[in-house]
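Chain by chain, the residues run as shown.
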Amino acid sequence: MKKFLPKNSFLFLPISLAILFVAQNQIFNIFVGLHDSPFFFLFILSTFSLGILFYGPSVLFSKWWRYVYLFIISSFVAWLFLAQYLYFSYFGGFMQASALKYAGQTTSLAGSILNLVSFSLIIFLLQFVVLFIGIFLQKKEKIIDTLPLGGFTAKWKNLRVFYLLCIIIIGLFGYGVILFGNGNGWYKITHFPQTIREMNSFVYSPNMTVQRIGIFNYFAADFIGMTLRSTKLTPEDIALVLEWKDAVPKIGKTNTFGSAKNKNLIIIQVESLENSVLFQKINGQEITPNLNILAKHGLYFNNYYTQVGAGNTADAEFVILNSLYSLTNTVAFIDFAHNKYHALPSLLKENGYRTYSLHADEPTFWNRSNIYPALGYEKSFSKSDFVLPVPMKTEYLPDSDFFAQSLQEMTGFQSPFMATLITLSSHTPFKIPTNLQTLSIPEKSPFNAIQKDYLQSIHYTDMAIGEFIAGLKVNGLYNNSVIAIYGDHGNLYGISDLIGTSTTKAFKETRSSNVPLILLGTNLPAKTYSTPGSHLDFYPTVENILGITSTSTLFGKDLLGKTHRVTLRNAYSKAITTILTGNLTYKNFTDGGLFENGECLSMSKQTVLPIEDCKTLYEEEVKATSASDLIIKGNLELKLSSSQTLKP
Ligand code: GP9
Ligand code: MN
């Protein structure tokens, strides 16, 4: 070691500090509970690369400037480690670069944050110790300005170029593995994703990302993303938003207005529940017997659609709670978590409600811990608030346990409250313990293995929902609540191509986006609606039922009102694929999605009309979807719903 890295080499400090940086990243992960990283190699490589990129450039400076540079970087490293640790301890998630814009707000939290400081955090200040020891040792001896390897003695100037190249190569190598190693090459050495969820989570689970590449790289990636993302709106953009707002008719009161005034709102967002499985039998056995009963007893919307983009579950939550379209190509929960929203929980809070969310996953998944406060949830129950049954047969809490434990929590909630419960058991790959698989699917059936697993899991979740509703009746909450049950998105494995095809109102391409919505409440009638509706309509519908009038910017309509419109987009290209109204249907699943290449149909879906008949409708929807995107991108929601004036 002495020979390769003598203490009086000008490489000594940056390399020692980079090694310490790797260790500090690992210690940070241990502190926040991410103990066993299955990504050891990737982690070391990516954190070392960043350490070299941080401390390495010190070799370009001479004499004291070198130490000044290292001191500045060390201070930054200390600040970010401490800030991230305290943020995690307080909010249960990792600090995003966009949160820094609102750093001022944390002064009011200073007192409670200070309570989280502990002596062990001194670990994140050790770089100063290394730096001062280095300075002390190097002061005694002359710095060697030669290559530490072999007898090659290059001039200091040339060496600087050489080291600069080394820094770039090490940095690029590490980042090359991070960026391009997914699924092949080096990445396979460390880990191969087993499920789609795991693959997605590389991008959208901050926990996984921090486990793989460390907190600094997570923050750096987020910072770069934020910088590249333009959130500046042009005067034309603002004009478009205002034009949309002026044109949109105000949502009027329907005769159901206030029929459930001051009742609790209990939302059950069911993982991957498609409408196609309702009222269907296999081997004479109903797939969703409980949902079928509930659909008959409440308001049931069977021509209702999900509008999720890349954010799946999180997008469903986003659309439901904001009545804004999900973004294409990016996920609002991740990239716009620090916007000012006027979401349903905030609205209800203003109207005297307590607001809770319950979901037995890591709070950081889909960045929920960061966005939930912005949506108005005052308390969130997540994985660690629930107890896994013993013996533990699944990684995730089975839905019946989730509902039972949620029910227990809910008895302590002060009314009126809003509680959003998000299920998990029917998530891909739909594997539930065999003793919970109670649907008898014949060996010879049109379903493949994953579709069978889906049916088993949805049958199980249906049973769990039945138990939960029965529990609400026992503890008296049922009579004081409006209960909403809907699917977040389709099952992605073609189930709706095989089942329910004859009963669905949806056409082939939109079948898997057709999810059920059931609204239950003692004052709500039993009625099935086949008028088109979507997650966008949830907010205004609930507002009306609860008798609340708001100035929120809403893109949906009251499902119990007279106007009905559903617009679906391609999750990645923005192109409108479907528009459903009371009398016209536009659909376009062609590549490129040019308006002219679509089809305009009369409501019956039988007669094809000239494409021009759908032109105005299409243009209105292009404007609406663009306005929604711009409102999110430009963080305009609160400005639009308050009296603040927006000028083009
Ligand atoms: C994650 C869960 C599933 O917490 O809600 O998300 P998905 O993979 O369906 O988007
Ligand atoms: Mn989901």
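The coordinates are above.
Undergrad: Just to check I follow, could you spell out the coordination of the manganese ion (ligand 2) for this structure?
TA: Reference geometry at the metal: tetrahedral coordination by four donors gives ideal angles of 109.5 degrees; octahedral coordination by six donors gives 90 or 180 degrees. Bound to the manganese ion (ligand 2) are the protein donor atoms Glu271 (OE), Glu271 (OE), Thr313 (OG1), Asp488 (OD) and His489 (NE2), situated 2.0 to 2.4 Å from the metal. Given six donor atoms and angles of 55 to 164° at the metal, the environment of the manganese ion (ligand 2) is assigned as irregular. For the manganese ion (ligand 2), the donor residues sit on a single chain with the sequence spacing E-x41-T-x174-D-H. Taken together, the residues span a long stretch of sequence, with Glu271 in the loop between β1 (264-270) and β2 (281-282) and Asp488 in the loop between β9 (481-487) and β10 (517-520) at a distance of 217 residues.

Undergrad: Please explain a nonpolar patch on the surface as it appears in this structure.
TA: Taken together, the side chains of Phe61, Trp65, Val68, Phe71, Ile72 and Phe132 make up a nonpolar region of the molecular surface, amounting to roughly 620 Å² of accessible area. Here Phe61 lies in the loop between α2 (40-55) and α3 (63-91). Residue class for Phe61 comes out partly exposed when judged on its relative accessible area of 33%.

Undergrad: What am I meant to see in unusual backbone geometry here?
TA: In most cases, non-glycine residues show a negative phi, while peptide bonds are predominantly trans. The amide bond that connects Ser415 to the next residue, Pro416, takes the cis arrangement and shows omega of -5°. Looking at the element boundaries, Pro416 is found in the loop between α16 (399-410) and β8 (417-422). Looking along the chain, the bond that leaves Thr428 and enters Pro429 is cis, with omega of 0°. Looking at the element boundaries, Pro429 is found in the loop between β8 and α17 (449-474). In this model, Ser323 sits at a positive phi of 55°, which is unusual for a non-glycine residue. Take Ser323: it is sitting in the loop between α12 (312-322) and α13 (332-335). If you check the backbone angles, Asn635 has positive phi at about 55° while not being a glycine. Structurally, Asn635 can be placed in the loop between α19 (615-633) and α20 (637-641).

Undergrad: Can you help me understand the packing of aromatic side chains in this one?
TA: Per the counting criterion, the structure on display carries 44 aromatic pairs. Ring geometry for Phe61 versus Tyr69: centroids 5.1 Å apart, planes at 25°, classification stacked. Between Phe402 and Phe403 the ring centres are 5.4 Å apart and the planes differ by 50°, which places this aromatic pair in the tilted class. Classification of Phe402 by relative accessible area gives buried; the value is 1%. Lying over the aromatic face of Phe507, Lys587 brings its terminal NZ or CZ to 4.5 Å of the ring centre.

Undergrad: So what exactly am I meant to see when it comes to the state of the cysteines here?
TA: Here a disulfide denotes a covalent bond joining the sulfur atom of one cysteine to the sulfur atom of another. This structure, assessed with the given rule, holds one disulfide. Note on cysteine connectivity: Cys600 is disulfide-linked to Cys614, with sulfurs 2.0 Å apart. The disulfide joining Cys600 to Cys614 has a torsion of about 75° about its S-S bond and is therefore right-handed. Here Cys600 is found in strand β16 (residues 599-602), whereas its partner Cys614 is found in the loop between β17 (608-609) and α19, with 14 residues between them in sequence. For the residue pair Cys600 and Cys614, the accessibility class agrees, reading buried in each case.

Undergrad: Even after reading the chapter, I still don't get the site of ligand 1, so can you show me in this structure?
TA: Close contacts around ligand 1 come from 12 residues, with Thr313, His359, Asp361, Arg368 and His427 the closest. In this structure, an oxygen atom belonging to ligand 1 sits 2.7 Å away from a side-chain N or O atom of His359. Contact distances for ligand 1 include 2.9 Å between an oxygen atom and a side-chain N or O atom of Trp366. Grouping the amino acids of the shell around ligand 1 by side-chain chemistry returns three nonpolar, five polar and four charged.

Undergrad: Sorry, what's going on with the sheet that holds strand β13 (residues 565-569) here?
TA: To summarise the sheet geometry, strands pair through backbone hydrogen bonds and adopt either a parallel or an antiparallel arrangement. Strand order in this open sheet of five strands is β13-β14-β15-β16-β17, and the pairing throughout is antiparallel. Each having just a single partner strand, β13 and β17 make up the two edges of the open sheet. In the sheet, strand β14 (residues 576-581) pairs with strand β15 (residues 584-587) via three bridges, with the strands oriented antiparallel. Bridge assignment links Ile579 to a residue of β15, and that residue is Tyr586. Packing of α19 onto the sheet brings it into contact with β13, β14 and β15, and relative to β14 it is tilted by some 115°.

The rules we used
Residues numbered from 1 in each chain as written. Chains lettered and ligands numbered in written order. Predicted model: local features only at pLDDT ≥ 70, side-chain atom pairs only at ≥ 80, totals over all residues. Heavy atoms only, no water. Donors = N, O, S within 2.8 Å, 3.2 Å for Na, K, Ca; no water. Tetrahedral: all angles 85-135°; square planar, octahedral: opposite > 155°, others 65-115°. Helix = DSSP H or I, 4+ residues; strand = E, 2+ residues; numbered from the N terminus. Patch = residues over 30% accessible without salt bridge, like charges linked within 9 Å, V, L, I, M, F, W, Y side chains within 5 Å. Areas by Shrake-Rupley, 256 points an atom, 1.4 Å probe, with all protein chains shown as cover. Salt bridge = Lys/Arg side-chain N within 4 Å of Asp/Glu carboxyl O. Buried < 20%, exposed > 50% of the residue type's maximum accessible area, 1.4 Å probe, protein only. Phe/Tyr/Trp six-rings, centres within 6.5 Å; stacked < 30°, edge-to-face > 60°. Lys NZ or Arg CZ within 6 Å of the ring centre and 35° of its normal. Disulfide = S-S within 2.5 Å. Near = heavy atom within 4 Å. Polar contact = N/O pair within 3.5 Å; in protein donor to acceptor, adjacent residues only side chain to side chain. Nonpolar A, V, L, I, M, F, W, Y, C, P; charged D, E, K, R; others polar. Pairing = 2+ DSSP bridges. Contact = heavy atoms within 4.5 Å. Axes fitted to C-alpha atoms, helices over the stretch in contact; angles between N-to-C directions.

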